[in-house]
Amino acid sequence: MKLEKILDKLGSIEKNSFIKIIDNIISKNPKHNKEIDKILSSTEKGLKSVDNQNISKIFNLIEAEFKNYIKCEFQEITSQLDILIDIIIRDGNCIMKQDWFSRLYETEIKQLKNRIKILNSDFKDDKSELSPTRKRDYTIYKSCLSTAYYNDVDNNRDSKITSDELSIILTLEKQLGLSQEEVKLINYSILPIKKLDILEVIKGLKNIGVIFYSNKENTIYVADEIVRLLRKIREKEVAEKFYRRTLKLLREPIINQICRDHNIDRKLTYSQKVEGIIKEGVPFTNLLLDHIYKQGSSLTDKKKTLNELCEKGLNLENLKGSVLEDKISSLIDHFENVEKDEKVGISLDGYDKLLCELNLSLPTLNKQLKDQFELQDEFVLKADFLLDYNIKPRDILDLITKKDLTQFIKDNGVKQRGDDILNILEHYKDVENLYLENYENVAYRNLNLLKENGITIKESELGLKFEELTEVIFKGLGFNVDNVFKNELNTKKDMIDILINLGNEEVIIVECKTSKERGYNKFSTVSRQLKSYQNLALKNNLRIVKILLIAPEYSDDFITDCEMDTEMNLSLITASTLSNIFESFKTSKYTEFPHVLFRDIIINEERILKALSK
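Residues numbered from 1 in each chain as written. Predicted model: local features only at pLDDT ≥ 70, side-chain atom pairs only at ≥ 80, totals over all residues. Heavy atoms only, no water.

We now examine the pairing of strand E7 (residues 570-574). For E7, a buried count of 5 out of 5 residues is recorded, marking the element as mostly surrounded by other parts of the structure. Burial along E7 is two-sided: the face carrying Leu570, Leu572 and Thr574 and the face carrying Ser571 and Ile573 are both buried. Bridge count between strand E6 (residues 543-551) and E7: 5 bridges; the pairing is parallel. Bridging across to E7, Ala551 finds its partner in Thr574. (Buried < 20%, exposed > 50% of the residue type's maximum accessible area, 1.4 Å probe, protein only. Helix = DSSP H or I, 4+ residues; strand = E, 2+ residues; numbered from the N terminus. Pairing = 2+ DSSP bridges.)

The structure is reproduced here in structure tokens:
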């Protein structure tokens, strides 16, 4: 969930710790100080009076300074911050109830203790699968860490690791090629590990600004922007879902080689080994620099292998960069841009339809998703729900075995030639067009006809769906549907449905109304609403070129009342007329609909279609 959306959910007290940290960073003249001052210049009361959208913008400007601040918190090596951060940055853990977080934390501590026992046993066992080289690396790191931690006892001081000692330890772990998980295991085989009180844990994380906590909902929120930043601190360069996507392109012998290098059981299934590599925290760059190639591969061969992997498996052509490191950085940047992009890749309705049909074909998928992403809800195959956790259609398809994907494709008439996942995504892209074909039925709230046409939707959702489809149509007509400007104008009392920005401070206001009844006839109600929107725009020095009302149809009385109105420049369009104008526009010579054609009281469809065909 985006930072702005989380801030909108919280009260001022719940945001206070985070705001204080940002305020403190701003007071130290950060790199982008001028841009921050420009944002803050609109208010005299400082950061606390800035709206959530601008707080989010400021956070993006001080990201580097915030990252350094969090890195300093890691110097307290006994704080368990590494354990806690590794939990909250896992895919699916950005929204958690307090009791669920407590359970995940308790499980993590238990698993860590068990793995430490196994590691200590491997140290002593000459027949363990640990290679002599790896055992030597572990021993060197463990001895140095032990000395750094316990040397204070000789001087009659409490055991701790100083910042100087920590910088040496960090250099050592990097040079030995240890993964984050290997480091964590060795660290806690020396440092005392005990389960902390969960309320103290939450308070601590909240005070350093990495989580938000809603007291009302007993829910922890971790913003997408903060997850990405914490991931970089933990040297996890890409999200687990992208790491998994890359690993699944590799043949099993390559996967086995990676497992051998990082003490992962090679007797596990292919999928379990993939998850084990992800869990180990092997740096993504290191993986692509050394681990995925045949022994003795030249640099040219490595670049060729990586290019083929991205082109065939990820549909990503021409990785930027002439050297291998640059190509890997380009791939990491690509994954980060995909994660930041709010687009789903298919329509939201297409996502829902995909999930519905996956659930029918693969009844165990719901449980698999719950387990994989550590989700608390019982039924999780819901598009809106999953998108709050930044889980997109491709992320789910990556979890399904080849055999199950093949069966799903056959069951649902998906194209079989080419890449299975890309074919499935393409197959479900067209649901938005299905809704547009049923635009008039949505306007009339005709649930039965919608159901017959393959659309499942709740009646309570029809109003919002009609507004969304109308927005799609106006965008398709070449208009600038300006949601950012609309949100700046709107108040709690006056909420414009659609605002078309024509530039030069000129706008068109669009209102959408659905109705089961034939002949929309509520002129007095809607006119008060529209006049209120008109006043809102005029207060902001905007010129209203036109107000458009979209409804399934209008009664004669409604049209007469509209004709008699002298205060608004209002035109009425029926849903079917707008739909037909849109279809005609697609084949016309125009790139933007000439809005001067919206000149009648009740828009004359025939005249506009004739004008578009010239």
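What follows concerns helix H24 (residues 420-427). Buried within H24 are the following residues: Asp420, Ile421, Asn423, Ile424 and Leu425. Considering only its buried residues, H24 is in contact with helix H19 (348-361), helix H22 (393-397) and helix H23 (402-411). Sitting at the head of H24, Asp419 places a side-chain oxygen 3.1 Å from the backbone nitrogen of Ile421. (Contact = heavy atoms within 4.5 Å. Polar contact = N/O pair within 3.5 Å; in protein donor to acceptor, adjacent residues only side chain to side chain.)

To continue, consider the pattern of salt bridges. Considering all chains together, one arrives at 36 salt bridges under this definition. The residue Arg115 makes a salt bridge to Glu181 at a minimum N-O spacing of 3.0 Å. Of the two residues, Arg115 sits in helix H7 (residues 98-124) while Glu181 sits in helix H10 (residues 180-190), which places them 66 residues apart along the sequence. A residue is classified by how much of its surface remains accessible, and Arg115, at 26% relative accessible area, is partly exposed. Linking Lys586 and Glu583 is a salt bridge whose minimum nitrogen-to-oxygen distance equals 3.1 Å. Within this pair, Lys586 and its partner Glu583 are both found in helix H32 (residues 575-586), separated by 3 residues, close to a single helical turn. (Salt bridge = Lys/Arg side-chain N within 4 Å of Asp/Glu carboxyl O.)

Let us look at the environment of Lys113. Secondary-structure assignment places Lys113 in helix H7. For the pair Lys113 and Lys392, spaced 279 residues apart in sequence, the C-alpha to C-alpha distance is 34 Å.

Let's shift gears to the nonpolar core. Membership of the largest hydrophobic core comes to 108 residues, with the highest contact counts inside it found for Ile88, Phe101 and Val210. Of all the elements, H7 adds the most residues to this core, at 9 residues. In contact with Val210, other than residues within four places in its own chain, are Ile70, Ile85, Ile88, Leu205, Val222, Ile226 and Leu230. (Core = buried A, V, L, I, M, F, W, Y, C linked by side-chain atoms within 4.5 Å.)

Before going further, it helps to examine the packing of aromatic side chains. With the rule as written, the count across this model stands at 17 aromatic pairs. Ring geometry for Tyr439 versus Phe466: centroids 4.9 Å apart, planes at 25°, classification stacked. Placement of the pair is Tyr439 in helix H26 (residues 439-443) and Phe466 in helix H28 (residues 462-476), with a sequence separation of 27 residues. Residue Tyr439 is classed as buried on the basis of its relative accessible area, which comes to 1%. Following the ring pairs from residue to residue traces out a cluster consisting of Phe18, Phe59, Phe66, Tyr69 and Phe212. The ring of Tyr435 carries Lys465 above its face, with NZ or CZ at 4.6 Å from the centroid. (Phe/Tyr/Trp six-rings, centres within 6.5 Å; stacked < 30°, edge-to-face > 60°. Lys NZ or Arg CZ within 6 Å of the ring centre and 35° of its normal.)

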